Amino acid sequence: MTRVQSWVIRALRILRDDLWTARADPLPPSVWLRWLPHGLVCLVALGTTIANLDQLADRYRLGPQFGTLCALAQGGAVVLALWRPVPAWWLSLTVWALTALGARGELLADLPSLGGGLLDPPRPAAHPELPGWPWGPPGMVAHCVVLLLLALRVRTRVAVEALVLTALLTYLIQGGIGGANHTPTGVLAVALFAVVVLIGAALRGRREARHELVEQAGITAEERARRTLLEERNRIARELHDVVAHHMSVISIQAQVAPHLVENPSEELKDNLAGIRQNALEALAELRRVLGVLRSENPEDPYGLGAAGTGAAPDTPQPTLDRLDALLDNTRAAGLDVTSVVAGEAAAYPPGVQLSAYRIVQEALSNALRHAPGSAVRVTVSHMADGLYLEILNSRPEAPVRPSPGAGHGLLGMRERAVMLGGHVMAHPTLHGGFIVSAFLPKDGVKPPVRDLDPPPGLELIFPDDDPPPTADDDPPPTADGDSSPTADVKPPAGEAGDQRR
């Protein structure tokens with residue numbers, strides 16, 4: 001098989017797959033104009049059917065029965081193109097070919113015959129010249145609508161194939177077979193069909209490009225949100241690594257120094273302490289190896305809020321509550337009016353609690369700078385008996401808020417930090433147009449146990465009787481003192497009271 005034969009077979013196979021199909025390609029739904037395109041197409045189909053009745057029956061002289069059948073078929077092709085454009089195109093093209101060939105036979109039958117001599121004038125035709133053949137105006141409009149709907153739903157290649165086959169068949173009937181006593185319309189029809197296919201393909205390409213743009217924007221937003229969340233978790237992991245590494249280093253040093261603090265330590269004690277130190281060093285090395293890739297040179301700090309490691313190596317200690325004053329000073333230098341209130345005496349919080357408290361305040365101040373320019377911010381740090389309470393409150397912004405490119409995961413990072421330590425974070429707008437962030441972190445970094453809800457001693461739970469309440473017509477029962485009491489209080493057993501509490 002030569003290359004030309006294989007190319008022809010491949011082209012025929014593509015044509016068969018593209019045009020010899022009855023698949024459904026409905027119009028895409030519209031929110032505001034859901035049925036308007038369908039209604040307009042149905043009106044066009046009705047108009048072309050009525051116009052074709054006159055065109056085919058009278059001008060093409062195909063007879064009332066055959067002309068009506070062809071007119072209804074071509075109008076039905078327009079309606080069918082709403083759901084199945086390729087079969088509708090075949091139907092419209094076939095009906096047109098049949099009507100064109102039928103009209104040609106009538107035209108040839110009406111040709112004037114020659115006289116007996118050269119000077120004898122020919123006899124006139126029985127009918128005047130047709131206004132358009134092989135494409136009549138109603139059929140041309142109907143086929144334009146079918147090709148437009150075809151180009152709107154299928155690939156451009158399929159629409160071009162349909163246009164080429166229509167042009168070839170038009171050339172074959174008008175130029176190859178030919179007719180007489182008519183005005184040729186093949187060139188005009190093919191030009192209109194090409195314009196319609198070009199418009200439909202352009203509209204379809206525009207719709208697909210817009211759809212892809214919306215999908216790409218959604219994917220980009222999801223990727224940005226996922227990346228932001230991963231970056232926040234990675235930063236938390238780095239900070240936890242620093243805290244754990246500190247404690248493991250302390251364990252290693254204490255295990256190394258402990259034998260020198262005991263007089264004549266036994267070999268078993270030395271071996272155990274050496275094992276403890278070795279395990280601590282191995283755990284520290286493994287932790288650094290796993291999380292070392294998460295450490296960065298310098299975390300981005302666009303507002304100068306004193307991020308960890310600013311201007312130093314990545315091994316700089318993580319910030320604690322002692323650096324809150326420096327954080328507030330940096331925020332004031334960035335143009336935000338910040339006041340601080342400290343209540344209570346600071347306890348010996350674990351490093352994780354101090355680090356999370358610092359990060360929560362830092363993120364809240366960053367949000368105030370970003371989303372509430374010109375506002376006044378109050379930072380409250382309350383040292384309570386069972387934990388640390390933080391409150392960051394900003395007033396209504398004085399300047400217009402610019403759109404932020406962030407993904408909005410700062411509050412999520414705050415909540416993850418607090419939940420990790422057994423605390424909680426609440427954030428919501430205020431009635432005056434500001435915003436408040438409040439957080440509570442347990443003192444030891446452990447979620448406190450659920451308190452017992454039993455009533456204090458001396459408090460009795462009183463429950464009413466199961467009897468229905470007395471009405472105004474009923475007499476209250478007498479008491480021991482002779483008085484009337486509207487109700488009687490009965491103390492249930494301890495077990496029943498406990499069930500009521502639960």
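What you see as residue numbers is a count from 1 along each chain, following the sequence as written. Residues qualify for local features only when their pLDDT is at least 70, as the model is predicted, and side-chain atom pairs are given and counted only at 80 or more; totals for whole chains, interfaces and linings, by contrast, use all residues. Computation of side-chain values covers all heavy atoms of the structure but excludes hydrogens and water.

1. Re the overall build of the chain
As a reminder of what qualifies: The helix and strand labels rest on DSSP assignments: H or I over at least four residues marks a helix, E over at least two residues marks a strand, and numbering proceeds from the N terminus. Any two residues whose heavy atoms approach within 4.5 Å at even a single point are treated as in contact. Working definition of accessibility: Shrake-Rupley area with a 1.4 Å probe, residue cover restricted to the visible protein chains.
Looking only at helices and strands, the chain features 12 helices and 7 strands. Long-range contacts, defined here as pairs at least 24 residues apart, represent 75% of the contacts in the chain between residues at least 6 apart. When the accessible surface of the chain is totalled, it reaches about 30,700 Å², and 62% of it is carbon and sulfur.

2. Description of the pairing of strand β3 (residues 337-343)
Consecutive residues of a regular strand have side chains that alternate between opposite faces of the sheet. Which entries qualify depends on this criterion: Note: two strands are recorded as paired if DSSP finds a minimum of 2 bridges between them. A clockwise course of the path from the first strand over the helix to the second, judged with the strands pointing away from the viewer, identifies a crossover as right-handed.
Here 7 bridges tie β3 to strand β4 (residues 376-383), and the two strands are oriented parallel to one another. Within the sheet, the bridge partner assigned to Ser340 lies in β4 and is Val379. Following the backbone out of β3, through helix α10 (residues 351-371) and into the adjacent parallel β4, one traces a crossover that is left-handed.

3. Some words on the packing of aromatic side chains
Heads up, the condition is: Between the rings of Phe, Tyr and Trp (Trp by its six-membered ring), a pair exists once the centres lie within 6.5 Å; its type follows the angle of the planes, with under 30 degrees stacked, over 60 edge-to-face, and the other angles tilted. For every residue, the accessible area obtained with a 1.4 Å probe (protein chains only) is divided by the maximum for its type, and the residue is called buried under 20%, exposed over 50%, and partly exposed between those limits.
Overall, the coordinates contain 3 aromatic pairs when judged by the stated rule. Relative to Trp135, the ring of Trp96 lies with its centre 4.2 Å away and its plane at 10°, an arrangement referred to as stacked. Of the two residues, Trp96 sits in helix α4 (residues 85-109) while Trp135 sits in the loop between β1 (130-133) and α5 (137-153), which places them 39 residues apart along the sequence. Given the relative accessible area of 0%, Trp135 is considered buried. Three or more aromatic residues joined by ring pairs make a cluster, and in this case those are Trp96, Trp135 and Phe193.

4. Quick look at the pattern of salt bridges
Just so we agree on the cut-off: Only one rule defines a salt bridge in this text: a Lys or Arg side-chain nitrogen within 4 Å of an Asp or Glu carboxyl oxygen.
Considering all chains together, one arrives at 5 salt bridges under this definition. Between Asp17 and Arg16 there is a salt bridge whose closest N-O contact spans 3.5 Å. Judged by relative accessible area, Asp17 falls into the partly exposed class, the value being 43%. Across the pair Glu208 and Arg204 runs a salt bridge, and its minimum N-O distance is 2.7 Å. Placement of the pair is Glu208 and Arg204 together in helix α7 (residues 186-257), with a separation of 4 residues, close to one helical turn.

5. Looking at the side chain of Ser356
Tracing the backbone shows Ser356 in helix α10. Sequence-distant contacts of Ser356, defined by excluding residues within four places in its chain, comprise Arg417, Met420, Leu421 and Leu441.

6. Some details on unusual backbone geometry
Working note: non-glycine residues mostly have negative phi, and peptide bonds are mostly trans. Despite not being glycine, Arg61 shows a phi value in the positive range, around 55°. The topology assignment puts Arg61 in the loop between α2 (36-59) and α3 (64-80). The exposure class assigned to Arg61 is buried, which follows from its relative accessible area of 17%.

7. Some remarks on the sheet that holds β4
Going by this rule: In this analysis an axis means a line fitted to C-alpha atoms, helices contributing only their contacting stretch, and an angle means the value between N-to-C directions, from 0 to 180 degrees.
Pairing within the open sheet is mixed, and its 5 strands lie in the order β3-β4-β5-β7-β6. Strands with a single pairing partner mark the edges of an open sheet, and in this sheet they are β3 and β6 (424-429). Pairwise comparison of adjacent strand axes, ignoring direction, gives a mean angle of 10° for this sheet. Across the sheet, α10 touches β4, β5 (387-394), β6 and β7 (435-442), and the angle it forms with β5 is around 5°. This element, helix α11 (residues 410-420), spans β6 and β7 of the sheet and lies at about 155° to β6.

8. Let's talk about the confidence of the model for the chain
Counted only if it meets this: On a range of 0 to 100, pLDDT expresses the predictor's confidence in each residue.
Per-residue confidence for the chain gives a mean pLDDT of 76; residues scoring 70 or more make up 72%. The model gives residues 113-127 a pLDDT under 50, and that stretch makes 11 contacts with residues more than four places away or in other chains. Below pLDDT 50 for its whole length, residues 306-315 participates in 24 contacts with residues either more than four positions away or in separate chains.

9. Some remarks on the environment of Gly434
Note that Gly434 resides in the loop between β6 and β7. A C-alpha to C-alpha distance of 9.4 Å links Gly434 and Ala376, two positions 58 residues apart in sequence. Setting aside anything within four residues of it in sequence, one finds Gly434 in contact with Asn394, Ser395, Arg396 and Pro429.

10. Remarks on α5
Since the α-helix turns once every 3.6 residues, residues separated by three or four places project in the same direction. Rules: To estimate the expected span of a helix, count its residues, drop one, and scale the result by 1.5 Å.
With 17 residues, α5 should cover 24 Å at 1.5 Å per step; its first-to-last C-alpha distance of 25 Å lies within 8% of that length. Counting buried positions along α5 yields 14 of 17 residues, so the element is predominantly enclosed.

11. As for the pairing of β7
Counting buried positions along β7 gives 7 out of 8 residues, so the element sits mostly inside the fold. Relative to β7, β5 runs antiparallel, the two sharing 8 bridges. Bridge pairing in β7 places Leu388 opposite Leu441. Here 6 bridges tie β6 to β7, and the two strands are oriented antiparallel to one another. Bridge pairing in β7 links His424 to Phe440. Connecting β6 to the antiparallel partner β7 that follows it, the hairpin turn spans 5 residues, and Gly433 within it adopts a positive phi of roughly 90°.

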